Amino acid sequence: MGKLFEPTLVGDIAVRNRIVMAPLTRNRSPGAIPNDLNVEYYRQRASAGLIITEGTAITQQGQGYADVPGLYKPEALDGWKRVTKAVHEAGGKIVVQLWHVGRVSHTSLQPNGAKPVSSTSTIAKTRTYVINADGTGTFTETSEPRALDTAEIAGIVEDFRRAARDAIDAGFDGVEIHGANGYLIDQFLRSGVNDRTDQYGGSIENRARFLFEVVDAVTKEVGAGRTAIRLSPVTPSNDSTDADPQSIFTYVVEGLAKYKLAFIHVVEGQTGGDRNFQQGDKPFDYKALHLAYRKAGGQSDWLVNNGYDRQAAIDAVESGRADLVSFGKPFIANPDLVERLQKDLPLNRPDQATFYGGGSNGYTDYPALEEEAA
Ligand SMILES: Cc1cc2nc3c(=O)[nH]c(=O)nc-3n(C[C@H](O)[C@H](O)[C@H](O)COP(=O)(O)O)c2cc1C
């Protein structure tokens, strides 16, 4: 069981173990500004080898849900500075997940009530969470998006670059580009969403172009050893489909091989659900994807996610199928997850009712082992 709990170097980031906290949106940063409660939440979880923050909007246009933190206001950067300082003081490492939601948004969250932008002008059959005028929150249908003009895309790439720079200046150890779960980068990748006829649509090369432009800009700005990317090859979240995910994701990882990224984060199966979920006409082969990456010369750590428990994580790392394993829901409920896994002790159960929004209840009040014993 040893290796999972041993230190290693992830790109340029030295970590104390190979257990990663997966990105988890918690909708507890009103005004997009990280606050004291958020500082406490991340500090409590600093024994993870590496924390990946919740999805963090690179611009207001990239916001898709109420009370998600951002990286586009000076006050937000000050808030993040306090988070990164607290995690570092507790001996942890932390990267921020750079998020542009694309069409998974609502006009009420957008600058001047504008339409959200995407690779397409087709509305996503999904819902988002907004705050009403009276302060109450509701789930609502996403708004009709506007397809980005070809000439506008460079501006979004630039937004990713700027956010990555600001993140490093705010003390983050690196950044994870959110390429998963049906958000903007995935809206370009997927054949079932991207209906463009310019150089960003049609062929696999064209649909992956935006992703590579973002990776290029971010790695040039902050260094490949501090850059990572998250992919979810078959996840249907946010109305995201592809006729042949194996082909496009193989092309993507082969192209990523030339960058010495910190890690590639692969969600296996349907994010938060069925690990055997299938898109296209055959089951997705994750082993083949990993092998294609290594064959193309890729050296980054391979981080796996989705429904892992202690034994599955130990097996994945011991067998070499993965270098790192990320846990989502277990980290919500167990601030000291690493110690519990190491000692093979029982885990607290996460309460779904308090996942999104609210205060300390279901956020910073899950007990660590010593608190339970007291
Ligand atoms: C409350 C909640 C919020 C999430 N927010 C994000 C997010 O901001 N970015 C992301 O890439 N995935 C997000 N996910 C997906 C998780 O990172 C992870 O892929 C999923 O929970 C499966 O891992 P697990 O079985 O260990 O929980 C979220 C999941 C949950 C339950």
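Everything in this summary refers to the structure shown in the same document. Keep in mind it's a predicted model, so treat the numbers as computed, not measured. (Residues numbered from 1 in each chain as written. Predicted model: local features only at pLDDT ≥ 70, side-chain atom pairs only at ≥ 80, totals over all residues. Heavy atoms only, no water.)

**Details of helix α5 (residues 204-222)**
What counts is decided by this rule: Helix numbering and strand numbering both begin at the N terminus, where a helix is a DSSP run of H or I of at least 4 residues and a strand a DSSP run of E of at least 2. One less than the residue count of a helix, multiplied by 1.5 Å, gives the span that helix is expected to have. Here the bend at a residue is taken as the angle between two axes, fitted respectively to the seven residues that end there and the seven that start there. Summary of the burial criterion: residues with accessible area below 20% of their type's maximum are buried, those above 50% are exposed, and those between are partly exposed, where the area comes from a 1.4 Å probe applied to protein chains only. Every residue pair with non-hydrogen atoms within 4.5 Å of one another is taken to be in contact.
The end-to-end C-alpha distance of α5, which contains 19 residues, comes to 27 Å, matching closely the 27 Å that a straight helix rising 1.5 Å per residue would cover. At F210, α5 shows its maximal bend, which comes to roughly 35°. Taken together, the buried positions of α5 are occupied by N206, R207, A208, F210, L211, F212, V214, V215, A217, V218, T219 and V222. Packed against the buried residues of α5 are α3 (153-169), β10 (174-178), α4 (184-189), β11 (227-231) and α6 (245-256). Backbone geometry just after α5 places G223 at a positive phi near 95°.

**What to know about the site of the ligand**
Under the convention used in this document: Any residue with a heavy atom lying within 4 Å of a molecule or strand is counted as near it. Here a polar contact is recorded for every N or O atom pair within 3.5 Å, except that within protein the pair must consist of a potential hydrogen donor and a potential acceptor, and residues adjacent in sequence are included only if both atoms are side-chain atoms.
Within the structure, the ligand sits among 20 residues, and P23, T25, R230, N305 and G328 are positioned closest to it. The contact in question runs from an oxygen atom of the ligand to an N or O atom on the side chain of T25, over 2.6 Å. Backbone polar atom of G55 to an oxygen atom of the ligand: 3.1 Å apart, as the coordinates give it.

**Focus: the pattern of salt bridges**
Our working definition: The salt bridge definition used is simple: a Lys or Arg side-chain nitrogen within 4 Å of an Asp or Glu carboxyl oxygen.
Enumeration according to the criterion identifies 24 salt bridges in this entry. One salt bridge connects D186 with R190, and the closest N-O pair in it is separated by 3.0 Å. The same class applies to D186 as to R190, namely buried. For R340, the salt bridge identified is with D336, shortest N-O distance 2.8 Å. Judged on exposure class, the residue R340 and its partner D336 are both buried. Salt bridges sharing partners connect three or more residues here, namely E158, R161, R165, D169 and E221.

**Quick notes on α6**
With 12 residues, α6 should reach 16 Å at 1.5 Å per residue; the first-to-last C-alpha distance of 16 Å fits that figure. Residues of α6 that are buried include every one of P245, Q246, I248, F249, T250, V252, V253 and L256, and no others. Residues of α6 that are buried sit in contact with α4, α5, β11, β12 (263-267), α7 (286-295) and β13 (301-305).

**Things to note about the packing of aromatic side chains**
Here is the rule: Pairing of aromatic rings covers Phe, Tyr and Trp, the last through its six-membered ring, and needs centres within 6.5 Å; plane angles under 30 degrees mean stacked, over 60 mean edge-to-face, and all others mean tilted.
Considering all chains together, one arrives at 15 aromatic pairs under this definition. Seen in terms of ring centroids, Y41 and Y363 are 4.1 Å apart; in terms of plane orientation they differ by 15°. Their pairing is stacked. Highlighted residues: Y41 in helix α1 (residues 36-44) and Y363 in the loop between α10 (337-342) and α11 (369-373), separated in sequence by 322 residues. A residue is classified by how much of its surface remains accessible, and Y41, at 0% relative accessible area, is buried. Residue Y363 is classed as buried on the basis of its relative accessible area of 0%. One aromatic cluster in this structure is built from Y41, Y42, W80, F172 and Y363.

**As for unusual backbone geometry**
One can expect most non-glycine residues to show negative phi and most peptide bonds to be in trans. The backbone of D239 shows a phi angle near 65°, a positive value even though the residue is not glycine. Summarising the element assignment, D239 is placed in the loop between β11 and α6. With relative accessibility at 23%, the residue D239 sits in the partly exposed group. Located in the positive-phi region is N306, a residue other than glycine, with phi close to 115°. Mapped onto the secondary structure, N306 falls in the loop between β13 and α8 (310-319). Using a relative accessible area of 3% as the deciding quantity, one classes N306 as buried.

**As for the side chain of R207**
Here R207 lies in helix α5. A polar contact of 3.1 Å, which involves the side chain of R207, links it to the side chain of D242. When neighbours within four sequence positions are excluded, R207 is seen to be in contact with F188, L189, R190, S191, N194, Y200, G201, G202, D242 and I248.

**With respect to the environment of G70**
Relative to the elements of secondary structure, G70 occurs in the loop between β4 (50-57) and α2 (74-89). The class for G70 is buried, based on a relative accessible area of 0%. Taking the C-alpha atoms as reference, G70 lies 11 Å from D166; in sequence the two are 96 residues apart. Beyond its immediate sequence surroundings of up to four residues, G70 is in contact with A32, T56, A57, A76 and W80.

**Examining the sheet that holds β4**
Heads up, the rule is: In this description, strands pair whenever DSSP reports at least two bridges between them. Fitting a line to C-alpha atoms yields each axis, with helices limited to the stretch in contact; the angle taken between N-to-C directions then spans 0 to 180 degrees.
Read around the closed barrel, eight strands run β3-β4-β5-β10-β11-β12-β13-β14, paired in parallel fashion. The sheet shows a mean angle of 25° between the axes of neighbouring strands, direction not considered. Judged from the five bridges that link them, β4 and strand β5 (residues 94-99) form a sheet pairing that is parallel. Looking at β5, one finds that I52 is bridged to V95. Each of β12 and β13 is contacted by α7, which is oriented at about 165° to β13, the strand it contacts most.

**Quick word on the pairing of strand β8 (residues 137-141)**
Pairing geometry for strand β7 (residues 127-131) and β8, over five bridges, is antiparallel. Paired with I131 across the strands is G137, a residue of β8. From the end of β7 to the start of β8, which pair antiparallel, there are five residues, and G135 there has a positive phi angle of about 90°.

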